[in-house]
Protein chains: 2
Amino acid sequence: MDEVKVIEIKKSVFEDNSKDADALRKELKSKGVYLLNLMSSPGSGKTTTLIRTLNLLKDKLRIAVMEADIDSDVDAVKIREATGVPSIQLHTGGMCHLDAEMTRQGLAGVDIDGLDLVILENVGNLVCPAEFDTGAVRNAMILSVPEGHDKPLKYPLMFSVCDVVVINKIDVLPYFDFDLDKCREYVHMRNPRARVIPICAKTGEGVDVFAQWLLDQVNEWKQQ
Amino acid sequence: MDEVKVIEIKKSVFEDNSKDADALRKELKSKGVYLLNLMSSPGSGKTTTLIRTLNLLKDKLRIAVMEADIDSDVDAVKIREATGVPSIQLHTGGMCHLDAEMTRQGLAGVDIDGLDLVILENVGNLVCPAEFDTGAVRNAMILSVPEGHDKPLKYPLMFSVCDVVVINKIDVLPYFDFDLDKCREYVHMRNPRARVIPICAKTGEGVDVFAQWLLDQVNEWKQQ
């Protein structure tokens, strides 16, 4: 297999990111391409969750993936090999988030004509990515059981901006002091409308619920 | 118990953080106060590790703790209640890291006269805190088993700037695909001199090794 495409992302020059994000959203809408921004801490299982989700959706939607990472190309290669879905790597060169212009630089490396869905795997970080609108239609995040159920208390903005919170690694619930009900309550303190979906990306449990949520989102948005 | 002290940290006005960090290091040296900067992802167990470590060291060193967090006061209260060690909360107001000037703002809220050691628990984030010298003598980080052994590949700067990498949650090694030898190898790729210390903060296993490392560091530095 040939090497994965890597794009070195440059710092944005635009001052008004919100305006730029709205413009990008409109552009993508006119092309019928739904952009999902997926965020989480390092090590929460974003890539494994994505692989499972892509394998459930790839026959229903035309999808591409943009993997943002400080430096390595590990994830984009892994995703392409495990799913066959076109996947490119965005190098942020130490930058801790992506804004709309940086997302646009990434999209320029994807052949988006005819696509239904682009998933942006943002930099592993619960702080900075929450502050920058990428131009996505929806924000999703993954919180894994070992991180603890108190995270919505400690990273309020991230949980406020997310439309869906996937709770990953539920297979290890017996080994951690993680209270799923309390977590749900804290998530809803931040965003009462957020959908909470418990999954285990390793075994696949619950991933169909997330995949269905995403499929419904894309289909509803296409009809708007 | 009365409420924990909270300091709202403001954005730094200094342009040259490295210079400012060196100046802060010198000031602290003249007062005999060793500053340790402790970093990690959200949910890696920084606070639990700190509590164990403080309980091992509090009769040997005079210590204070600064807990940096976006918003909540959960950790400072927890640490003070569990150890009796003076602990204050730094609110970063959404900022994803602390630099030297922000650390200085925090230190102004600690009565440092006569202290041997101040531990700064930095914001939970593997990206931004690595970029800013806080003025600490040493940087420590905690990587937890559920995050995966590949993290030094994906967050190179963080692992390059750390003098010690504590591998936490080794009690759950049987439930995760985490290769301790590989992790050690990756850490040393980034920083050949980094000390790697496997621990379980929950049970206390190995925390004595980390506490001894820190005690030796402080004592050696005092004699320099």
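Residues numbered from 1 in each chain as written. Chains lettered and ligands numbered in written order. Predicted model: local features only at pLDDT ≥ 70, side-chain atom pairs only at ≥ 80, totals over all residues. Heavy atoms only, no water.

K.L.:
Which residues make up the nonpolar core, and what values go with them?
P.N.:
Note on soluble globular proteins: their nonpolar side chains tend to be buried together. With 98 residues, the main nonpolar core has Met-66, Leu-90 and Met-158 of chain A together with Met-66, Leu-90 and Met-158 of chain B as its most contacted residues. When sequence neighbours within four positions are dropped, the list of residues in contact with Leu-90 of chain B reads Ile-7, Ile-9, Met-66, Glu-67, Ala-68, Asp-69, Leu-98, Gly-106 and Leu-120 of chain B. (Core = buried A, V, L, I, M, F, W, Y, C linked by side-chain atoms within 4.5 Å. Buried < 20%, exposed > 50% of the residue type's maximum accessible area, 1.4 Å probe, protein only. Contact = heavy atoms within 4.5 Å.)

K.L.:
So what's going on with the packing of helix α2 (residues 46-57) of chain B against helix α3 (residues 74-83) of chain B? Which residues, and what values?
P.N.:
Residues and elements named next belong to chain B. Remark: α2 packs on α3, axes separated minimally by 10 Å, with the N-to-C direction vectors making an angle of 30°. Classified by the angle between their axes, α2 and α3 sit roughly parallel to one another. Two packed elements cross with a definite hand, and for α2 against α3 that hand is right-handed. Judged by residue contacts, Thr-47, Leu-50, Ile-51, Leu-54 and Asn-55 of α2 engage Asp-75, Lys-78, Ile-79, Ala-82 and Thr-83 from α3. Considering only residue class, the contact of α2 with α3 consists of five nonpolar, three polar and two charged. (Axes fitted to C-alpha atoms, helices over the stretch in contact; angles between N-to-C directions. Helix = DSSP H or I, 4+ residues; strand = E, 2+ residues; numbered from the N terminus. Parallel < 35°, antiparallel > 145°, perpendicular 65-115°, else oblique. Left-handed = near helix turned anticlockwise from the far one by under 90°. Nonpolar A, V, L, I, M, F, W, Y, C, P; charged D, E, K, R; others polar.)

K.L.:
Which residues make up the interface of chain A and chain B, and what values do they have?
P.N.:
Listed by partner, the interface residues are 31 residues for chain A and 31 residues for chain B. For the pairing of chain A and chain B, the buried interface totals around 2,500 Å² over both sides, and the portion due to carbon and sulfur atoms is 57%. Of all residues in chain A, Pro-42, Lys-154 and Tyr-175 of chain A bury the most surface against chain B, accounting for 23% of the area lost on that side. At the surface where chain A touches chain B, the tally comes to two salt bridges. Salt-bridge contacts for Asp-75 of chain B lead to Lys-154 of chain A; the nearest nitrogen and oxygen are separated by 2.6 Å. Here chain A is connected to chain B by seven residue pairs in polar contact (both at pLDDT 80 or more). The greatest single-element share of the side of chain A that touches chain B, amounting to three residues, is contributed by helix α5 (residues 151-154) of chain A. By residue class, the composition of the side of chain A that touches chain B is 15 nonpolar, six polar and ten charged. (Buried area = accessible area lost by both parts, 1.4 Å probe. Salt bridge = Lys/Arg side-chain N within 4 Å of Asp/Glu carboxyl O. Polar contact = N/O pair within 3.5 Å; in protein donor to acceptor, adjacent residues only side chain to side chain.)

K.L.:
Go over helix α3 (residues 74-83) of chain A with me, naming the residues and quoting the values.
P.N.:
Three or more residues of α3 of chain A are buried, namely Asp-75, Ala-76, Ile-79, Arg-80 and Thr-83 of chain A. The arc enclosing the buried residues of α3 of chain A, seen along the axis, measures out at 130°, which places them on a common side. Looking at the buried side of α3 of chain A, the elements it contacts are α2 (46-57), β3 (63-69), β4 (87-91) and β5 (117-121) of chain A together with α5 (151-154) of chain B. Once α3 of chain A finishes, Gly-84 of chain A follows within two positions and takes phi at roughly 75°, a positive value. (Arc of directions from axis to C-beta.)

K.L.:
Before we move on, can you summarise the pattern of salt bridges with the specific residues and values?
P.N.:
It is possible for side chains bearing opposite charge to pair when their charged atoms get close. Summed over all chains, the structure comprises 18 salt bridges over all chains. The salt bridge partner of Asp-133 of chain B is Arg-25 of chain B, with a shortest N-O separation of 2.8 Å. With a gap of 108 residues between them, Asp-133 of chain B in the loop between β5 (117-121) and β6 (138-144) and Arg-25 of chain B in helix α1 (residues 17-30) connect regions that are remote in the sequence. Here the salt bridges do not stand alone but share partners, grouping Asp-20, Glu-27, Glu-101 and Arg-104 of chain A into one network.

K.L.:
With reference to specific residues and values, describe the sheet that holds β6 of chain B.
P.N.:
Note on sheets: strands pair through backbone hydrogen bonds, and any given pair is parallel or antiparallel. Residue and element names in this part refer to chain B. Strands sit in the order β1-β4-β3-β5-β2-β6-β7-β8 across an open sheet of eight strands; the sheet is parallel. Two strands lie at the open edges of the sheet, namely β1 (6-8) and β8 (195-198), each paired on one side alone. Adjacent strand axes in the sheet meet at a mean angle of 20° when their direction is disregarded. Bridging between strand β2 (residues 34-40) and β5 involves five bridges; their strand directions are parallel. Residue pairing for β5: Leu-36 is matched across the bridge by Ile-119. In this fold α2 packs onto β2, β3 (63-69), β5, β6 and β7 (164-168), with an angle of close to 175° to the strand it touches most, β3. Strands β3, β4 (87-91) and β5 of the sheet are contacted by α3, whose axis makes an angle of about 175° with β4. (Pairing = 2+ DSSP bridges.)

K.L.:
Go over the packing of aromatic side chains, please, and point to the residues and values.
P.N.:
Geometry of an aromatic ring pair is reported as the spacing of the ring centres plus the angle between the planes. By the definition in use, this model includes six aromatic pairs over all chains. Seen from their ring centres, Phe-210 of chain B and Trp-213 of chain B are 6.0 Å apart, and the 15° between their planes marks the pair as stacked. With Phe-210 of chain B and Trp-213 of chain B both in helix α8 (residues 207-223) and three residues apart, this pair spans about one turn of that helix. The cationic tip of Lys-29 of chain A hangs over the ring face of Trp-221 of chain A; the distance from NZ or CZ to the ring centre is 4.3 Å. (Phe/Tyr/Trp six-rings, centres within 6.5 Å; stacked < 30°, edge-to-face > 60°. Lys NZ or Arg CZ within 6 Å of the ring centre and 35° of its normal.)

K.L.:
I'd like to hear about the packing of α2 of chain A against helix α8 (residues 207-223) of chain A, residue by residue, with values.
P.N.:
All names here are of chain A. Interhelical geometry of α2 versus α8 gives an angle of 60° and a closest axis separation of 9 Å. Accordingly, the angle class assigned to the pair α2 and α8 is oblique. Like other packed secondary-structure pairs, α2 and α8 cross with a definite hand, here right-handed. Between α2 and α8, the residues in contact are Thr-49, Arg-52, Thr-53, Leu-56 and Leu-57 and Val-207, Asp-208, Phe-210, Ala-211, Leu-214 and Leu-215, respectively. Its residues placed into classes, the contact of α2 with α8 shows seven nonpolar, two polar and two charged.

K.L.:
Explain the environment of Pro-129 of chain B residue by residue, including any values.
P.N.:
Residues and elements named next belong to chain B. In this structure, Pro-129 sits in the loop between β5 and β6. The buried category is assigned to Pro-129, whose relative accessible area is 1%. Taking the C-alpha atoms as reference points, Pro-129 and Asn-37, 92 residues apart in sequence, are found 9.5 Å from one another. If we ignore the near neighbours within four places in the chain, the residues touching Pro-129 are Met-39, Cys-96, His-97, Asn-122, Val-123 and Met-158.

K.L.:
Outline the sheet that holds strand β2 (residues 34-40) of chain A, supporting the account with residue identities and numerical values.
P.N.:
All names here are of chain A. Strand order across the open sheet formed by eight strands is β1-β4-β3-β5-β2-β6-β7-β8, with parallel pairing between neighbours. Strands at the two margins of the open sheet, each flanked by one partner only, are β1 (6-8) and β8 (195-198). If you compare each strand with its neighbour and ignore which way they point, the axes differ by 20° on average. Taken together, the five bridges between β2 and strand β6 (residues 138-144) define a ladder with parallel strand orientation.

None of the figures reported here should be taken as evidence of function without further support.
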